[in-house]
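# Structure assessment
This is what each chain is made of:
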Amino acid sequence: MAQLSILRYPDPRLHTVAAPVDEVDDTLRRLIDDMLETMYAAEGVGLAATQVDVHRRLIVMDTSEGRDEPRVLINPELIEVSEERVVGDEGCLSVPSIYDAVERHARVTVRALDRDGQSYDMAVEGLAAVCVQHEMDHLLGKVFVEYLSPLKRERIKAKMLKRTREEQKRR
């Protein structure tokens, strides 16, 4: 397994719409394992393939307290969403150390394939529901900061660009 590089906002590749996964094979399972290792190392709860510059409809997540219940969602689709909505602070591995309030559905049911290509439905609420919606946005080329006001978005973009320049100077 290997840790992958996570794209950082405002990298334009984060706005690429992911294509469906055609085949669940050993190459995809290696990517899943690498994405899980990357997510855990970065202390995240979810990671979309788009964030590691692989533009396929693949998400890994683990919202368990013990960080020992990894979930794999290949070609995920929301099949049911609650009318009830919740607002909570969200962060993103592609926008490190930035958190802001985003409104999401309180409960969702997602249909996806697991790491063996078997279809399953998963009904989730709380952090898991937020995570599914957040990561599915990535597959559509959307980053959570796009839910914020244009002014906040521009401030975050400037902060991220400055941080990237400073990191490159130190190398």
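Just so you know, these numbers come straight off a predicted model, no measurement behind them. (Residues numbered from 1 in each chain as written. Predicted model: local features only at pLDDT ≥ 70, side-chain atom pairs only at ≥ 80, totals over all residues. Heavy atoms only, no water.)

### Remarks on the pattern of salt bridges
Definition in use: Salt bridge, as applied in this entry: a Lys or Arg side-chain nitrogen positioned within 4 Å of an Asp or Glu carboxyl oxygen. Numbering goes from the N terminus for both helices and strands, where a helix is a DSSP run of H or I of at least four residues and a strand is a run of E of at least two. Note on classification: 1.4 Å probe, protein chains only; a residue is buried when its accessible area is under 20% of the maximum for its type, exposed when over 50%, partly exposed between these limits.
Applying the stated criterion to the full structure yields 11 salt bridges. With a shortest N-O distance of 2.8 Å, arginine 104 and aspartate 137 are connected by a salt bridge. Of this pair, arginine 104 sits in strand S5 (residues 95–105) while aspartate 137 sits in helix H2 (residues 126–139), and the two are 33 residues apart along the sequence. With a relative accessible area of 10%, aspartate 137 lands in the buried category. For aspartate 121, the salt bridge is made with arginine 111, and the minimal N-O distance between the two is 2.7 Å. Taken as a pair, aspartate 121 in strand S7 (residues 119–125) and arginine 111 in strand S6 (residues 107–113) lie far apart in primary sequence, 10 residues in all.

### Here we look at the pairing of S5
Rule in force here: The pairing criterion is simple: DSSP has to find at least two bridges between the two strands.
Relative to S5, strand S4 (residues 85–92) runs antiparallel, the two being bridged by seven bridges. Within S5, the position partnered with valine 86 by the bridge is arginine 104. With antiparallel pairing between neighbouring strands as the criterion, S4 and S5 make up a hairpin whose turn holds two residues.

### A look at H2
Using the following cut-off: Helix span, as expected, comes to 1.5 Å for every residue beyond the first.
Compared with an ideal rise of 1.5 Å per residue, which puts 14 residues at 20 Å, H2 spans 21 Å between its outermost C-alpha atoms and is within 8% of the ideal. Burial analysis of H2 places 12 of its 14 residues in the buried class, the great majority of the element. Of all the positions in H2, only Ala128, Ala129, Val130, Cys131, Val132, Gln133, His134, Glu135, Met136, Asp137, His138 and Leu139 are classed as buried. Two residues or fewer past H2, glycine 141 is found with a positive phi of approximately 80°.

### What about the environment of glutamine 3?
Here is the rule: Contact between two residues is taken to exist if any of their heavy atoms lie within 4.5 Å; hydrogens are not considered.
With respect to the helices and strands, glutamine 3 occurs in the segment before helix H1 (26–41). On the accessibility criterion, glutamine 3 (53% relative accessible area) is exposed. Not counting residues up to four positions away in its chain, the partners in contact with glutamine 3 are Glu37, Thr38 and Ala41.

### Side note on the packing of aromatic side chains
The condition that has to hold: Stacked, edge-to-face and tilted are the three classes for Phe, Tyr and Trp ring pairs, Trp counted by its six-membered ring, which pair at centre distances within 6.5 Å; planes under 30 degrees apart are stacked, over 60 edge-to-face, the rest tilted. We count a charge as sitting over a ring when the NZ of a lysine or the CZ of an arginine lies within 6 Å of the ring centre and within 35 degrees of the ring normal.
If you walk through the whole model with that rule in mind, you get zero aromatic pairs. The ring of tyrosine 147 has lysine 142 sitting right over it, with the charged end atom 4.0 Å from the ring centre.

### Quick word on the nonpolar core
The nonpolar side chains of a soluble globular protein tend to be buried, and buried together. To keep things clear, this is the line we draw: Here, nonpolar core refers to any group of buried Ala, Val, Leu, Ile, Met, Phe, Trp, Tyr and Cys residues whose side-chain atoms link them within 4.5 Å.
Ranked by size, the top nonpolar core spans 16 residues in total, and within it Ile59, Met61, Leu73, Val110, Met122, Val124 and Val132 carry the most contacts. Elements with a contribution of two residues or more to this core: strand S2 (58–61), S6, S7 and H2. Among the elements that take part in this core, H2 stands out by supplying six residues, more than any other. If sequence neighbours within four positions are ignored, leucine 73 has contacts with Arg57, Leu58, Ile59, Met61, Val110, Ala112, Leu113, Tyr120 and Met122. Counting 15 residues, the second-largest nonpolar core is a separate cluster that includes Leu31, Met39, Leu47 and Ile74.

### Overview of the side chain of serine 94
Put simply, the rule is: N or O atoms closer than or at 3.5 Å make up a polar contact, with two conditions inside protein: a donor-capable atom paired with an acceptor-capable one, and, for residues adjacent in sequence, both atoms drawn from side chains.
Considering the arrangement of structural elements, one finds serine 94 in the loop between S4 and S5. Engagement of the side chain of serine 94 in a polar contact is seen with the side chain of glutamine 51, the distance being 3.0 Å.

### A few points about unusual backbone geometry
With omega at 10°, the peptide bond leading from tyrosine 9 into proline 10 counts as cis. Residue placement: proline 10 occurs in the segment before H1. Here arginine 67, not a glycine, exhibits a phi torsion of approximately 55°, which is positive. With respect to the helices and strands, the residue arginine 67 is situated in the loop between S2 and strand S3 (71–81). According to the relative accessible area criterion, arginine 67 is partly exposed, its value standing at 28%. Residue asparagine 75 is not a glycine yet carries a positive backbone phi of 50°. Relative to the elements of secondary structure, asparagine 75 occurs in strand S3.

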